[in-house]
Amino acid sequence: MPIMDHPIQQPLQKLLARERLIQQVAEWQQAGEKVVFTNGCFDLLHPGHLNYLLEAAALGQKLVIGLNSDASVKRLKGQNRPINDEMTRASFLACLYFIDAISIFEEDTPLELIKAIKPNILVKGGDYTVNTIVGANEVLARGGTVKTLAFVPGYSTTNLIKKIQEQL
Ligand SMILES: Nc1ncnc2c1ncn2[C@@H]1O[C@H](COP(=O)(O)OP(=O)(O)OP(=O)(O)O)[C@@H](O)[C@H]1O
Ligand SMILES: O=P(O)(O)O[C@@H]1O[C@H]([C@H](O)CO)[C@@H](O)[C@H](O)[C@@H]1O
């Protein structure tokens, strides 16, 4: 948990509760700004994350990240995950200049979050196909765009963890 008066508090202002994020996205869209949404666990960041997030940011004017809570990650990826807790994961993402907002979701999927914020564009990395992206139908039904972006082979948090374990 970041210490209150440390510099990290400034970028962490991007971390928004759901109700505030709904308002913020609506304001951006009313100003004519295209809002791109993606989601994930983002446990140990790697070049695959960075490349696809940069590509996502270039698709619109604002990039919003749905971040799985610790409990959500545990259900999805196992009890020994995440390595980094949700505030640490949010801190790393918040320090990326091309990310405009982050919201932690407790559910197993970001479906309710996506339905609530109504992004213009929904993306995931190249390890997904459009028909495996949660929320795709909802975004498409509203005339939005759903895309899978480039995949950087060889990079995953799981591989990073294995690499560290092998060095021990
Ligand atoms: N190598 C990669 N290239 C491009 N995008 C990626 C890559 N790895 C993950 N992503 C994307 O990053 C987002 C977050 O994925 P996630 O946090 O599960 O990463 P991961 O490295 O696959 O983690 P894990 O190994 O724990 O499953 C997803 O949208 C996913 O499509
Ligand atoms: O980090 P991951 O495992 O890529 O993120 C998951 O993505 C799922 C995805 O949106 C399915 O299309 C999502 O349901 C899950 O909650 C994780 O965010």
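In this text, all values refer to a predicted model and were calculated from it rather than measured experimentally.

Turning our eyes to something else, we now look at the overall build of the protein chain. Helices and strands together make up the secondary structure of the protein chain, namely 7 helices and 5 strands. Along the chain direction, N to C, the helices and strands of the protein chain fall in the order α-β-α-β-α-α-β-α-β-α-β-α. Principal axes of the C-alpha set define a box for the protein chain whose edges measure 50 × 40 × 25 Å. Taken over 168 residues, the protein chain has a buried fraction of 43%.

What follows deals with the pairing of strand β5 (residues 145–148). One ladder, built from 4 bridges, connects strand β4 (residues 121–124) with β5; its direction is parallel. Of the residues in β5, the one forming a bridge with Ile121 is Thr145.

Let's shift gears to the UniProt feature "domain: Cytidyltransferase-like" (unreviewed entry) in the protein chain. With numbering aligned to this structure, UniProt lists the feature "domain: Cytidyltransferase-like" (unreviewed entry) at residues 37–162. As a span, residues 37–162 carries 37% helix and 19% strand, and end to end its C-alpha atoms are 29 Å apart.

Surrounding ligand 1, one finds 20 residues, the nearest of these being Lys77, Arg81, Asp127, Thr157 and Thr158. Between Thr157 and ligand 1, the recorded distance is 2.7 Å, taken from a backbone N or O atom to an oxygen atom. For ligand 1, the protein covers 92% of the area, taking 600 Å² as the surface of the free molecule. Counting only elements with at least two residues in the shell around ligand 1, the list comes to α2 (47–57) and α7 (157–167). The element best represented in the shell around ligand 1 is α2, accounting for 3 residues.

Below, the discussion takes up the pattern of salt bridges. For the structure on display, the rule yields 6 salt bridges. The salt bridge involving Asp70 is made with Arg89; its shortest N-O contact spans 2.6 Å. Remark: Arg89 occurs in helix α4 (residues 86–94) and Asp70 occurs in helix α3 (residues 70–77); sequence separation between them is 19 residues.

Looking now at the packing of aromatic side chains. Here the structure, examined in full by the defined rule, presents 2 aromatic pairs. Taking 6.4 Å as the distance between ring centres and 5° as the angle between the ring planes, the aromatic pair formed by Phe42 and Tyr52 counts as stacked. Separated by 10 residues along the polypeptide, Phe42 in the loop between β1 (35–40) and α2 and Tyr52 in helix α2 bring together distant segments of the chain. Tyr52 carries the same exposure label as Phe42, and that label is buried. Between the aromatic rings of Tyr97 and Phe98, the centroid separation amounts to 5.1 Å while the plane-to-plane angle is 90°, which identifies the pairing as edge-to-face. By relative accessible area, Phe98 is classed as buried at 10%.

Glancing now at the sheet that holds β1. Spatial ordering of the open sheet is given by β3-β2-β1-β4-β5, a layout of 5 strands whose pairing is parallel. For this open sheet the edge positions go to β3 (101–105) and β5, each flanked by a neighbour on one side alone. Direction aside, neighbouring strands of the sheet carry axes that sit 20° apart on average. Taken together, the 6 bridges between β1 and strand β2 (residues 62–68) define a ladder with parallel strand orientation. Its bridge partner being in β2, Gly40 is matched across the sheet by Leu67. Across the sheet, helix α1 (residues 18–30) touches β1, β2 and β3, and the angle it forms with β3 is around 145°.

Reading the values: rules and limits
- Residues numbered from 1 in each chain as written.
- Chains lettered and ligands numbered in written order.
- Predicted model: local features only at pLDDT ≥ 70, side-chain atom pairs only at ≥ 80, totals over all residues.
- Heavy atoms only, no water.
- Helix = DSSP H or I, 4+ residues; strand = E, 2+ residues; numbered from the N terminus.
- Buried < 20%, exposed > 50% of the residue type's maximum accessible area, 1.4 Å probe, protein only.
- Pairing = 2+ DSSP bridges.
- UniProt positions renumbered as here; feature names shortened; annotations may be inferred.
- Near = heavy atom within 4 Å.
- Polar contact = N/O pair within 3.5 Å; in protein donor to acceptor, adjacent residues only side chain to side chain.
- Areas by Shrake-Rupley, 256 points an atom, 1.4 Å probe, with all protein chains shown as cover.
- Salt bridge = Lys/Arg side-chain N within 4 Å of Asp/Glu carboxyl O.
- Phe/Tyr/Trp six-rings, centres within 6.5 Å; stacked < 30°, edge-to-face > 60°.
- Axes fitted to C-alpha atoms, helices over the stretch in contact; angles between N-to-C directions.
- Contact = heavy atoms within 4.5 Å.

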